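Chain by chain, the residues:
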Amino acid sequence: MAGVGFRKWAQALTKSKGTGISALLSGCRAASGGSKGSLPGSYPTTPEEKAAAAKKYNIRVEDYEPYPDKGEGFGDYPKLPDRSQHERDPWYKWDHPDLRRNWGEPMHWDFDMYIRNRVDTSPSPVDWISMCKQLFGFIGFMLFMFYIGEKFPSYQPVAPKQYPYNNLYLEKGGDPEKQPEEVKNYGI
Amino acid sequence: MADYREAPLATRPRTLDPNDYFNLSPEKRRADEERAALRANLKRQYQTQLNNPHRKELIEDPALTRWVYARSNPYPHFRPTFKTSLLGFACGVFPLFALYYIFKTDRVR
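Everything numeric here is computed off the predicted structure, so don't read it as measured data. (Residues numbered from 1 in each chain as written. Chains lettered and ligands numbered in written order. Predicted model: local features only at pLDDT ≥ 70, side-chain atom pairs only at ≥ 80, totals over all residues. Heavy atoms only, no water.)

## As for the overall build of chain A
The number of helices and strands found in chain A is five helices and zero strands. Seen in sequence order, chain A has helices and strands lined up from the N terminus as α-α-α-α-α. Taking all 188 residues of chain A together, the buried fraction comes to 23%. In chain A, of all internal contacts separated by at least 6 residues, the share reaching a separation of at least 24 is 34%. Summed over its atoms, the accessible surface of chain A is roughly 14300 Å², and 60% of this surface lies on carbon and sulfur atoms. (Helix = DSSP H or I, 4+ residues; strand = E, 2+ residues; numbered from the N terminus. Buried < 20%, exposed > 50% of the residue type's maximum accessible area, 1.4 Å probe, protein only. Contact = heavy atoms within 4.5 Å. Areas by Shrake-Rupley, 256 points an atom, 1.4 Å probe, with all protein chains shown as cover.)

This is the structure:
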């Protein structure tokens, strides 16, 4: 009896195409959770499809521009300008202030790249040429100086170490009877 | 400042953007108003749900759902073209054989 009940439940599960617990229990689709038409679809070809897609994504029809259909997997997702969240007004009352985004606003495909912890496309404080000149000038100068340092090394003057007792004649195994030659390691 | 050149992939400061000064037209104003109307509609929906005292559950964001769905399901829209197959080879096939070769020769040495 329990086995029969389990089999019927499993059949109902596989037949239902719904979402969530309500689908598991009743076998029909839940009304909540977004309808099928609100999810991204395939590349729009006709103007009606374009208008429908623009309405779906809450964008003006003139602003809606899908990614070019090169088979890269974008479908009808809109191509929004590549602007980081850094650039958005910090003083406007966003619905989500840390993300600087309003509820329901279409998200960029690379939204997780453009958050405020990551890539920043805001205008640079100094222009590109000055930045290039400063960076490569510094690196070039340091490389040049290191090269010269390799070619002309400079260090404290060194000489071989001088030992006392006639260059350690006895310690090096010299004959104690024989008189060693006098070694003078200094000059006055 | 007349010769300001922005960094590649970065934007120009709003005050140096010539479009703000020269290309103003009623169409642009109308477009901005339409965008503001869309934005206000979304704001209204969000605020009604947010301030609803009988709401017990999370406010679901359909734009977020669509984004997640689009990012995780690219395969129905995938088509093998020259560029995509080249990319696939460069990322999937080439490292396989290259790493095999490198490890094999390194181990022998």
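Continuing now.
## What to know about the packing of aromatic side chains
Enumeration according to the criterion identifies nine aromatic pairs over all chains in this entry. Consider the rings of Tyr77 of chain A and Trp109 of chain A, whose centres lie 5.5 Å apart with planes at 70 degrees: the pair is edge-to-face. Residue Tyr77 of chain A is located in the loop between α3 (47–56) and α4 (128–151), and its partner Trp109 of chain A is located in the loop between α3 and α4; the two are separated by 32 residues in the primary sequence. As far as the burial class goes, Tyr77 of chain A and Trp109 of chain A line up, both buried. When the ring of Trp103 of chain A is compared with that of Tyr46 of chain B, the centres are 5.9 Å apart and the planes differ by 25 degrees; the resulting orientation is stacked. Of this pair, Trp103 of chain A sits in the loop between α3 and α4 while Tyr46 of chain B sits in helix α1 (residues 26–50), placing the two residues on different chains. Relative accessible area serves as the criterion here: at 9%, Tyr46 of chain B is assigned to the buried category. (Phe/Tyr/Trp six-rings, centres within 6.5 Å; stacked < 30°, edge-to-face > 60°.)

## Structural notes on the environment of Ser84 of chain A
Residue and element names in this part refer to chain A. With respect to the element layout, Ser84 can be found in the loop between α3 and α4. We classify Ser84 as buried; its relative accessible area is 1%. When the C-alpha positions of Ser84 and Asp120 are compared, they lie 5.4 Å apart, and in sequence the two are 36 residues distant. A polar contact is formed between the side chain of Ser84 and the backbone oxygen of Val119, at a distance of 3.1 Å. (Polar contact = N/O pair within 3.5 Å; in protein donor to acceptor, adjacent residues only side chain to side chain.)

## Details of the interface of chain B and chain A
Each partner contributes residues to the interface: chain B has 39 residues there, and chain A has 49 residues. Area buried by chain B at its contact with chain A is led by Arg66, Trp67 and His77 of chain B, which between them contribute 19% of it. Linking chain B with chain A are seven salt bridges, by the criterion used here. Here Asp63 of chain A makes a salt bridge to Arg35 of chain B, at a shortest N to O gap of 2.6 Å. Applying the counting rule to chain B against chain A returns 20 residue pairs in polar contact (both at pLDDT 80 or more). Top element by residues in the side of chain B that touches chain A is α1 of chain B. It accounts for 11 residues. (Buried area = accessible area lost by both parts, 1.4 Å probe. Salt bridge = Lys/Arg side-chain N within 4 Å of Asp/Glu carboxyl O.)

## A few points about a nonpolar patch on the surface
On the surface, Leu135, Phe136, Phe138, Ile139, Phe141, Met142, Leu143, Phe144, Met145, Phe146 and Tyr147 of chain A cluster together to form a nonpolar patch covering roughly 1200 Å² of accessible area. Its relative accessible area of 56% is what places Leu143 of chain A among the exposed residues. (Patch = residues over 30% accessible without salt bridge, like charges linked within 9 Å, V, L, I, M, F, W, Y side chains within 5 Å.)

## Topic: the nonpolar core
One finds Tyr64, Tyr77 and Trp109 of chain A to be the most contacted residues of the largest nonpolar core, which totals 15 residues. Of all the secondary structure elements, the ones that give two or more residues to this core are α3 of chain A together with α2 (62–72) of chain B. With residues near it in sequence (within four places) discarded, Tyr77 of chain A still touches Tyr57, Pro66, Tyr67, Met107, His108 and Trp109 of chain A together with Arg66, Trp67 and Ala70 of chain B. (Core = buried A, V, L, I, M, F, W, Y, C linked by side-chain atoms within 4.5 Å.)

## Regarding the UniProt feature "transmembrane region" (unreviewed entry) in chain B
Per the UniProt record, "transmembrane region" (unreviewed entry) is found at residues 84–103 of chain B. Spanning residues 84–103 of chain B, this segment combines 100% helix with 0% strand, and its end C-alpha atoms are found 28 Å apart. (UniProt positions renumbered as here; feature names shortened; annotations may be inferred.)

## Observations concerning the side chain of Ser84 of chain A
Separated by 2.9 Å, the side chains of Ser84 of chain A and His86 of chain A make a polar contact. Not counting residues up to four positions away in its chain, the partners in contact with Ser84 of chain A are Tyr114, Val119, Asp120 and Thr121 of chain A.

## A closer look at unusual backbone geometry
The phi torsion at Asn58 of chain A lies on the positive side, around 60 degrees, for a residue other than glycine. For Asn58 of chain A, the location among the structural elements is in the loop between α3 and α4. Backbone geometry places Leu9 of chain B, a non-glycine residue, at a positive phi of 75 degrees. Judged by relative accessible area, which is 78%, Leu9 of chain B ranks as exposed.

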